[in-house]
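Summary of the model geometry
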Amino acid sequence: MNKLILLPKLSLMGIRKNGTTYFPYIMAGSFSVFVFFVFSSIVSNDIMRTLPRSNYALVLMQIGLILLGLILLPFIVYTNSFLIRRRKKELGLYSILGLDKKHMAVMMFWETLIIFSIVMAFGIVFGLAFSKLLFLLLLNLIGLPVDASFGFSPDAFWATFLYFLAAYGINLVMNIIRVFRTTPNDLLKGAKKGDREPKHLWITAVSGFILLGIGYSIAITAKLDSEIFLNFLLAVSLVVIGTHQFFRAGLTALLKMLKRNSRIYYRKTNFVTISGMLHRMGKSASSLANICIFSTMTIITLLCTLSVWRGTDSMLDFQFPFDASINFSTAKFRGTAELDDKLQELAASANVRITDRIEYTWQKLHTTKKGNVFTVQDPESTYAEREILRLITLDDFNAMEKRNEVLEDNEVFILSTGADFGYSQIILGSRTFRIKRELDSVVFTRKARENTYGDEYYIVVSDAGVMDMLRDEFRSTSENDRIFTILLNLEGQENDKDSYVKSVREWCMTQPGLTNVVNGVGGRRDTLSTNGSLLFIGIFFSIIFAMCLILIMYYKQITEGYDDRDNFDIMQKVGMSDAEVRGTIRKQILMVFYSPLVIALLHTIGGFNMIARLLNTLSLYDTGLIIRCGLVVAGLFTLLYGFSYSITSRTYYRIVKQMKTDVAAEHRLA
Amino acid sequence: MKEREERKVNRTMALLEVSNVKKVYGTRLGGNKVHALNGVTFSVEQGEYVAIMGESGAGKTTLLNILATIDRPTGGRVLLEGRDLSTIPQREVAAFRRDNLGFVFQDFNLLDTFTIQDNIFLPLVLAGKPLDEMKRRLEPLARKLGIEDILQKYPYEVSGGERQRAATARALITNPKIVLADEPTGALDSKAASRLLKLFAEINREGQTILMVTHSINAASHAGRVLFIKDGCVFHQIYRGNASNEEMYAMITDALTVMQTGGVKNE
C-alpha cells in the first residue's frame, strides 16, 4: 500500500482502536470548542456593543473568554499527555514492524489533524446551532429585550480556530517529542516499576500542610477590603500547591504507616489495596489532587452562581433601596414646594405612582477614625482609617422612622452600615457623646455587618445646634453644606420608572444646588445585567470544571484498570476468589476515590469566608443565603461525584473483568 | 526411596487420578469442534515427580489448567485425594486452589506491587494466616531456595532465576498437596534453569509431589516419570527406575524420536 495512504489510515485506526480513551477526549474537545466559540461569538457580536446597558455584560464575557482560554489549554494538553502515555505499546509495535520515527511523527500529525478537524467541526456546528439560543439566554438573564438578531461571526470563528490550532499544535509537538525520545524497547516494555516515593517525604508533607494552613488562614481571616482579590488569588495558589503536596506526601505517609503496621497490612482485604496504592503513588496522588482541585472549583463556581442567582433581590435592595435618591446642597436649595409639584407632575405624565417618600437633611463629616475617636481627617491617615460620618437630627430621624425617640444634648444614636460600632461612647473631635443605642435597621439605608469596605456611620444627634457645632469643628475644604435628600419608591412599569427618574434628573439639573440624582431603577438594571452575565459564565464554567473532573476521573479509572488487570489475574491464579477481588476493588476505590471529595468539601468550608467576602463585593451580604446555597451545592455535587464515580468505575470493572475472558481466550488458543 | 515406596504400597488410592478427561472446544456456531484432550488417563502417586511432555498444541496447557481448576473438562473426571474437582462449587474453587495446589509459572507471575517476601506471603494472607506463622514457614523455605537476601526487594530488582525461586517459595509455602509447574525453566538461562531443577528434585526428595509441564528434555530428565501427550492422549510414558539424569535424558530423546517419526508415518 502507498505510504501516503497507509499513515493516515493507521492514525484513523489508532483513534478507533483506542475508542474508550479517545471518544471522551474528542467529546471534551468538541465541548471546549463549542463553549469557546459561543463566548467569542457573543463577545465579538456588534449587538453587545449597541444594546443599552450591555457594557458590564460585555466586559464580563470578555473576562470569561480569557479565563476560558487559560483553563482549556492546560486541560487539553493534560488529557493528551495521558492518552499518548497509554499508547506506548502500540507505538513500540509499529516501530518494531518497521515504521521509523519520521513516519510515526507523520502518523501523529495525521492523528492530531483528524482529531482537530472532528473537534472543530462538532464544536462549530453545535456552536452555530446553539449560539443564538444561548445568546438569547444571556440576554434574558441580563434582562435585555430578547428580540435581537444574532448571526455568524467570522471573527469568533477565526479566534476559535486559531486558539485550538495552537492547543492541538502543542499536543502534536509533545507527542512527537515523546515518539523521538523513546526507544522501541522502552515503548514495548510499559511501566512496571513502582513510582518512586517522593524524596524528603516529611518536608513535602510539612510544607504541604504549611501551605494549606496559610491558604486557609488567609481565607478564614479575609475581610472585605481592597486586597480581597489579591488575597483570593494567593489563597487559591497556596491551596492548589498545598493540595498536591498533601496528596503526594500525606497519602504516601499514611500508606507507609499502614504498611508498617503488620497487623493491618497483612490482612487480606488491606494487603493488596495498600501495596497497590503505594506502587503507583505518584500518578495516583497527582490525579487525586487534580480531581480534588477541580471538585473544589466546581463547587465554588456553583456556589457563587447559585448565590448570585438566589441573592439578586437582596443585592438589589442593598445597593439601591430606593428607586430614586435626589440630593441637593441646602445652601442654594430653594425648598421643596416647587420640587414636590414637579415630582407629582412628572409622575403623572410618566405613568408611575410615588409609593414612598422619605426626606431628611444630613451633614457630612470627613474624619479619621481610631477606635471610637474621630478626628479631623488627617491627610496622612490610611484609607482604612478614613471614615465618612453622616449626621442627622433627631427630628428628621423620628419623622422617617415614625418614632418618638428622645436624646439629651450629649447623647446620640449610631448606625454603622458595616460592622457594629460596638462602643458605649463616641468622641467626635473635642466632644464626647454617650451612645444611647446602636441602631440595627432603619428605613433610609441598609446595614450589613460584613460590609467592612464601603461602610459609613450615620449619627443621630439631638438637634441642629449640635450638628452646627460639629460641622464647624470638622470643617473641611469642600462639602461643608448640609445635604437635603429625598428618597422615592415608585410603582409602575420598569421602563416608565426609569424614564421618570431620568426626567426628574433632567429637571433637577436646571435647579440650583443639585448634588446628584441616583437612579435606582437603572442601577438595578446594571446590577441585573452584571449578575446575568455572571450567571451565564458561572453555568458554563461549572460545566467545564465538572467536565474536566469527570474526564480526569475516567482516565484515572482506565489507567488503574489496566494496571490492576494483570495483578488481579495473578492473584486469582494464586487463590483469590472472585468475591475477594471484587471486595478489594471496592475497598481500594472507596478509600481513594472519596478522599478528593472530602478534601474538596473541606476546602469549600475553609474557603467559605473568602467566598462570602467576594460575594460581598457584589453587595450580597446575606450570609444565611450563601450558607444555604453552599449546602445545596455540596449535596448536589456529592450526588454528581457519586454518579460520575459509578459511571467511571463501571469502566474500571469492565477492564479488570476482561482478564477472565482473556484467560478463556488463552485456553481456546492452547 | 525406600520410604516412598512403602508409602506408595500402603496407599490404595493415588493422590491425583485423571480418568478419561476430554476437552472439546466448540466454535460459537457449533461448526468445527477442536478436541484438545481426547480421553487422558493417568494417575500421580503421593511423592511422585511427573513431567508431562508434548509438542505445542498437544494439549499440555489445557490439561494443566484443568488440573489447576482454572478450566473444567467436558468429559471424564479428575480426583484429588478422591475428591472430584468438578464437584467443587465455583465460589470455593479459589480457596480450594489456595489450600491444595501450588503454582509455578513460566513467566513467574510475581506482583510488582509487592516485595518478594510479600509475594510469597500472598496466598497465606489470603488464607488469613497470622504474620508469625507466615514468617515461621518462610524462614526454612527461603534458606532452602537461597532467597533470604532478596526478600525485601521488588521482583523487578532481582534476576529471573531469583524470581522463579521466589515464585517456587510462594507455591510451597501453603504446603500444597501437589505443585503444578508450567514450563518453569522456560524463561531462565541454563545456569538458573539447572539450579531450579536441582531444587525441584530436592523438594521432591523431601516428599513434595510435583507435576511439571515442559518441553525441555533437560527439565523432564529430572523427573521420576515422564508422560508424553500427543493429539490429546497419553501416548507413552517412561519411568526413571534407577536411571541417572543422563540416562533419563537419552531415554526421553529416544521416546520423542519415536513419537515424532511415528507420527509422520501415521499421517
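Residues numbered from 1 in each chain as written. Chains lettered and ligands numbered in written order. Predicted model: local features only at pLDDT ≥ 70, side-chain atom pairs only at ≥ 80, totals over all residues.

1. Here's the deal with the overall build of chain B
Counting secondary structure elements, chain B contains 9 helices and 10 strands. Over its C-alpha atoms chain B spans a radius of gyration of 19 Å, differing by no more than 12% from the 18 Å that the globule rule assigns to 267 residues. When its C-alpha atoms are laid out on the principal axes, chain B stretches across 55 × 45 × 40 Å. Here chain B, with 267 residues, has 43% of them falling under the buried criterion. (Helix = DSSP H or I, 4+ residues; strand = E, 2+ residues; numbered from the N terminus. Rg over C-alpha atoms; globule rule 2.2 N^0.38 Å. Buried ≥ 20, exposed ≤ 12 C-beta atoms within 10 Å, placed from the backbone.)

2. Regarding the interface of chain A and chain B
Reports often express the size of an interface as the amount of accessible area lost when the parts come together. Of the residues lining the interface, 24 residues belong to chain A; the matching set on chain B comes to 27 residues. For the side of chain A that touches chain B, the secondary-structure elements that each account for two or more residues are helix H12 (268-279), helix H18 (520-574), helix H19 (578-617) and helix H20 (623-669) of chain A. Among the residues forming the side of chain A that touches chain B, the class breakdown is 8 nonpolar, 10 polar and 6 charged. (Contact = placed C-beta atoms within 7 Å. Nonpolar A, V, L, I, M, F, W, Y, C, P; charged D, E, K, R; others polar.)

3. Description of the sheet that holds strand E2 (residues 33-44) of chain B
All names here are of chain B. Read across the open sheet, the 4 strands follow the order E2-E1-E4-E5; overall the sheet is antiparallel. With one partner strand each, in any of the chains shown, E2 and strand E5 (83-84) form the two edges of the open sheet. When strand E1 (residues 16-26) meets E2, the two strands line up antiparallel, connected through 9 bridges. The residue bridging Glu-17 from the neighbouring strand is Ser-43, located in E2. Each of E1, E2 and strand E4 (75-80) is contacted by helix H2 (residues 60-67), which is oriented at about 60 degrees to E2, the strand it contacts most. (Pairing = 2+ DSSP bridges. Axes fitted to C-alpha atoms, helices over the stretch in contact; angles between N-to-C directions.)

4. Observations regarding the pairing of E1(B)
Regular strands place side chains that alternate from one sheet face to the opposite one. Here E1(B) pairs with E4(B) via 5 bridges, running antiparallel. In the sheet register, Glu17(B) faces E4(B), and the bridge partner there is Leu79(B).

5. Brief notes about unusual backbone geometry
Even without glycine at this site, Lys402(A) takes up a positive phi of about 55 degrees. By the element assignment, Lys402(A) lies in the loop between helix H15 (394-401) and strand E5 (411-416). Notably, Phe108(B) is not glycine yet its phi reads approximately 65 degrees, a positive angle. Looking at the element boundaries, Phe108(B) is found in the loop between strand E6 (101-104) and helix H4 (116-126).

6. Comments concerning the sheet that holds strand E3 (residues 49-53) of chain B
All names here are of chain B. With respect to topology, 6 strands assemble into an open sheet ordered E6-E7-E8-E3-E9-E10, the strand pairing being mixed. Of all the strands in the sheet, just E6 and strand E10 (233-239) have a single pairing partner and so form its edges. For this sheet the average axis-to-axis angle between neighbouring strands, irrespective of direction, equals 20 degrees. In this sheet, strand E7 (residues 178-182) lies alongside E6 in parallel orientation, the contact comprising 4 bridges. Residue Phe-103 lies in a different strand from E7, and its bridge partner there is Leu-180.

7. Structural notes on the nonpolar core
In terms of nonpolar packing, the biggest core is built from 199 residues, with Phe39(A), Leu303(A), Leu549(A), Ala51(B), Leu180(B) and Val226(B) touching the most fellow members. With 23 residues, the single largest contributor to this core is H18(A). Beyond its immediate chain neighbours, meaning those up to four positions away, Ala51(B) contacts Met212(B), Thr214(B), Ala219(B), Ala220(B), Ala223(B) and Val226(B). (Core = buried A, V, L, I, M, F, W, Y, C linked by C-beta atoms within 7 Å.)

8. Some thoughts on the packing of helix H4 (residues 55-86) of chain A against H18(A)
Residue and element names in this part refer to chain A. In the contact formed by H4 and H18, the axes pass within 10 Å of each other and the chain directions differ by 5 degrees. The orientation of H4 relative to H18 falls into the category roughly parallel. Across from Tyr-56, Ala-57, Leu-60, Met-61, Gly-64, Ile-71, Phe-75, Thr-79 and Phe-82 in H4, the residues of H18 making contact are Asp-526, Ser-529, Thr-530, Gly-532, Ser-533, Leu-534, Ile-537, Ile-544, Cys-548, Leu-551 and Tyr-555. Looking at side-chain class alone, the contact of H4 with H18 contains 13 nonpolar, 6 polar and 1 charged residues. (Parallel < 35°, antiparallel > 145°, perpendicular 65-115°, else oblique.)

No statement about biological role is implied by the geometric values presented.
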